[in-house]
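Notes for the structure review
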2 protein chains.
Amino acid sequence: MPPPAQQGHVPVTLKDVAARAGVSISTASNALTGSRAVSAVSVERVLSAAAELGYQKNEAARTLRTGLRNAIGLVVPDVTNPFWGGMVSTIDRIAAESGFHVALTNTEFTPQRETAALARLVSRVDGILLFSTHPTGSAVRPLLDLGIPVVACDEAFELDGLGGVYSDNEAGARAAASHLVDAGGSVFGILEGPATLTTAQQRARGFRQGLQERGVLTTDIHAATAEYSFEGGRQGIRRLLAENPAIDAIFACTDNQAIGGIFEAMDMGRTIPDDLLVCGFDDISWSSRIAPSLTTLRQDAEGMATRAADMLLEMITVGGEPSVQVFPVELVARDSTRRGAGGESPVTSL
Amino acid sequence: MPPPAQQGHVPVTLKDVAARAGVSISTASNALTGSRAVSAVSVERVLSAAAELGYQKNEAARTLRTGLRNAIGLVVPDVTNPFWGGMVSTIDRIAAESGFHVALTNTEFTPQRETAALARLVSRVDGILLFSTHPTGSAVRPLLDLGIPVVACDEAFELDGLGGVYSDNEAGARAAASHLVDAGGSVFGILEGPATLTTAQQRARGFRQGLQERGVLTTDIHAATAEYSFEGGRQGIRRLLAENPAIDAIFACTDNQAIGGIFEAMDMGRTIPDDLLVCGFDDISWSSRIAPSLTTLRQDAEGMATRAADMLLEMITVGGEPSVQVFPVELVARDSTRRGAGGESPVTSL
DNA sequence: CTGAAAGCGCTAACAG
DNA sequence: CTGTTAGCGCTTTCAG
């Protein structure tokens, strides 16, 4: 009968396992990793020795030797927002399937935390998935020079050697403009996002372009800047409507803003969609739940997260080349822009 | 003039820095870490050499030598749910302040992913914050035996040596019962959670107790099991109301369920709160946004996350003892249980 | 205050 | 198929 399994705080090393199995350290290692042929008997003995001792591979030692950390860094602005939360969930699942773990940093939109996270991650992960809110080359260039694969996601980031996975924000926003004109809008408000966010810039630009194409005059377009949040939307729309009471159609850069805006507008006595049309961007799950349900541009969050994770893992494991991929978005028309008749939710791909 | 800074994929080691600074490796190390007194001149030379070469400390080597990983594992069921998302955000902030990074795993409520995550985390982190949905000692006991600090959070988990941070679920649910009776409920429905979740058990038990204390007969209490999600709530309430149309008050174990339930009930033609009173649990941000706003039991998510992270970091860094801490919850009465007059949102601490 | 050297646990040559 | 051995880069004795 074998002695009792190793307990307590003294770590069990490969040496212990080898000794108990009566083989050399390298045979024990190879039996465990399978990187070299080992006789069935030895494998069996090593495996049971490891199990009896409760052996746990020391990842730090393996990393030091091989240079592989089996970890990816994930830098996002706000996991509380279901748009990013869902992507985090997808990425975590894919990483886990490949045996990678995810080192998460939530920056809360601050450049300091983003920069700090990047610096901290350098020597701890094999690659980084970056949802940047302050895309400065100076923080990312060094990573690339160090040979660390980086894939930017959601927020566009132009840099040589950087992978990218984005939505077609401009096309989506143009479609929003056209849809709001069709729905009966005549004086327009834009709830823009913070200036550092490329998604905010692209969506605002696309929306203006779209209105212009439909012949709307610049004097009938008003804008306010607001945080990418429910509260940001409330405040933004309050300012917008206070300064320009004639506004009868609003485009918000995110659903969170749009929903905050809807609630604020209703509190101000507006009726949606009759007094005010509202269109968001993202299609978070809550958008179809609130009343009135929110017309929005659906991003393929799942698809983008999957592509970004796959691209990064390929860059890490087989030296895959970074590429830039743009995902189409689709207009989901709901009650917030549907005057008169109710009905189903038609979806238009762009 | 010094040669150009090191670029490219060849990693810069401490040896390189020491050579360039003209000091020994140990002096370079001490200059960087400050663990031993070093002359001002040497410090200066080492620091500038490190900066010029773009030196990045190799964390794996440091970990191998010191045994410190400066990482905590965070295992949660669903980051998409703002209740957990918010806690993840808080924990990440606190960890980052102490120089720790967070290895996140999203289990999506599956025991396999939880077990796998725990196994993968053992040799990669200094401690684990566990939001378990399948609290089995067999997965956690080994971690404790290995000397890895573990703090359970949200879902109660009884095990020697395990830290714990929980809400007082029973007291909260009792308060919900009393509140629903006061609000005019007479036939009650419970939207229970999955049986493996201790929060679900505690809340259901507390609610039944509370009803009993108020003299409600067992025959007037009906229950259905549902996932902790919006869709789970929809389905659960549909079954509940189909089988027991007399139900006029519902207690859901989570706000997500409650909100799904409200929407489903309204789709079924019920008016809330007049036909049906609804009370949730959590107080996620959306609960105050929907119409009718949701009466619920507010958990101190921020406080719990802070306490859990602090406790874990103390256990890791100064050998702090694990303890079990229960946070009070408070009833937030809103429109979903307020028949007749509208008004503000009174809050009752328990 | 500084340097030389040991060694953390593992993998991957390099011999058998 | 197996064993011996040389480090991966760092921190930390141990000697000056």
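Residues numbered from 1 in each chain as written. Chains lettered and ligands numbered in written order. Predicted model: local features only at pLDDT ≥ 70, side-chain atom pairs only at ≥ 80, totals over all residues. Heavy atoms only, no water.

1. Looking at the overall build of chain A
For clarity, the cut-off: Per the convention used, a helix needs a DSSP run of H or I reaching at least four residues, while a strand needs a run of E reaching at least two, with both numbered from the N terminus. For every residue, the accessible area obtained with a 1.4 Å probe (protein chains only) is divided by the maximum for its type, and the residue is called buried under 20%, exposed over 50%, and partly exposed between those limits. Surface accessibility follows the Shrake-Rupley procedure with a 1.4 Å probe radius. Residue values consider only the protein chains on display as shielding.
Along the backbone of chain A there are 12 helices and 13 strands. Along the first, second and third principal axes, the C-alpha set of chain A runs to 85 × 40 × 35 Å. When burial is assessed residue by residue, chain A has 56% of its 350 residues classed as buried. For chain A, the exposed area adds up to about 13900 Å²; of that, 52% sits on carbon and sulfur atoms.

2. Looking at the sheet that holds strand β11 (residues 324-327) of chain A
Sheets are built from strands that pair by backbone hydrogen bonding, the pairs being arranged parallel or antiparallel. Rules: In this analysis, strands are considered paired if DSSP registers two or more bridges between them. Lines fitted to C-alpha atoms define the axes, with helix axes restricted to the stretch in contact, and inter-axis angles between N-to-C directions lie between 0 and 180 degrees.
Across the sheet, which stays open at both edges, the 12 strands sit in the order β11(A)-β5(A)-β4(A)-β3(A)-β1(A)-β2(A)-β2(B)-β1(B)-β3(B)-β4(B)-β5(B)-β11(B) with mixed pairing between neighbours. On the outer flanks of this sheet lie β11 of chain A together with β11 (324-327) of chain B, each paired with one strand and no other. The sheet shows a mean angle of 20 degrees between the axes of neighbouring strands, taken without regard to direction. Relative to strand β4 (residues 150-153) of chain B, strand β3 (residues 127-130) of chain B runs parallel, the two sharing 3 bridges. Each residue of the ladder has a partner; that of B:L129, found in β4(B), is B:V151.

3. Observations regarding unusual backbone geometry
Note the cis peptide between A:A291 and A:P292, where omega equals 0 degrees. Looking at the element boundaries, A:P292 is found in the loop between β9 (277-279) and β10 (296-298). The backbone of A:F109 sits at a positive phi, close to 70 degrees, despite the residue not being glycine. The phi dihedral of B:D154 falls on the positive side, at around 75 degrees, and the residue is not glycine.

4. A look at the protein's contact with DNA strand D
For clarity, the cut-off: Throughout this document, a residue counts as near a molecule or strand when at least one of its heavy atoms sits within 4 Å of that molecule or strand. Polar contacts here mean pairs of N or O atoms no more than 3.5 Å apart (in protein, one a potential hydrogen donor and the other a potential acceptor; neighbouring residues in sequence count only if both atoms are side-chain atoms). Any residue that is not Ala, Val, Leu, Ile, Met, Phe, Trp, Tyr, Cys, Pro, Asp, Glu, Lys or Arg is counted as polar, Gly included; the first ten are nonpolar and the last four charged.
Every one of the 26 residues lining DNA strand D counts as a neighbour, but A:R36, A:S39, B:L14, B:Y55 and B:R65 are closest to it. Between DNA strand D and A:S42 there is a distance of 2.8 Å, counted from a phosphate oxygen to a side-chain nitrogen or oxygen. B:A61 has a polar backbone atom sitting 3.4 Å from a base nitrogen of DNA strand D. Secondary structure elements with two or more residues in the surface near DNA strand D: α2 (25-33) and α4 (59-66) of chain A together with α2 (25-33) and α4 (59-66) of chain B. Residues of the surface near DNA strand D, tallied by class, amount to 8 nonpolar, 12 polar and 6 charged.

5. Section: the UniProt feature "domain: HTH lacI-type" (unreviewed entry) in chain A
Inclusion rule: UniProt positions are given in the numbering used here, feature names are shortened, and annotations may be inferred rather than shown by experiment.
The sites that UniProt annotates as "domain: HTH lacI-type" (unreviewed entry) are residues 12-66 of chain A. Secondary structure content for residues 12-66 of chain A is 71% helix and 0% strand, while the C-alpha to C-alpha distance between its ends is 21 Å.

6. Looking at the packing of helix α5 (residues 82-97) of chain B against helix α12 (residues 301-318) of chain B
A pair of packed helices is characterised by two quantities: the angle between their axes and the separation of those axes. All names here are of chain B. Spelled out, the test is: Roughly parallel refers to an angle under 35 degrees, roughly antiparallel to one over 145, roughly perpendicular to one between 65 and 115, and oblique to any angle outside these ranges. Here a crossing is called left-handed whenever its near helix is offset anticlockwise from the far helix by less than a right angle, and right-handed whenever the offset is clockwise. Contacts: residue pairs with any heavy atoms within 4.5 Å of one another.
Interhelical geometry of α5 versus α12 gives an angle of 40 degrees and a closest axis separation of 9 Å. Compared by their axis directions, α5 and α12 come out oblique. Pair α5 / α12 crosses with right-handed handedness. Seen from α5, the contacting residues are F83, M87, T90, I91, R93, I94 and A95; seen from α12, they are A301, E302, M304, A305, T306, A309, D310 and L313. The residue inventory of the contact of α5 with α12, partitioned by class, reads 10 nonpolar, 2 polar and 3 charged.

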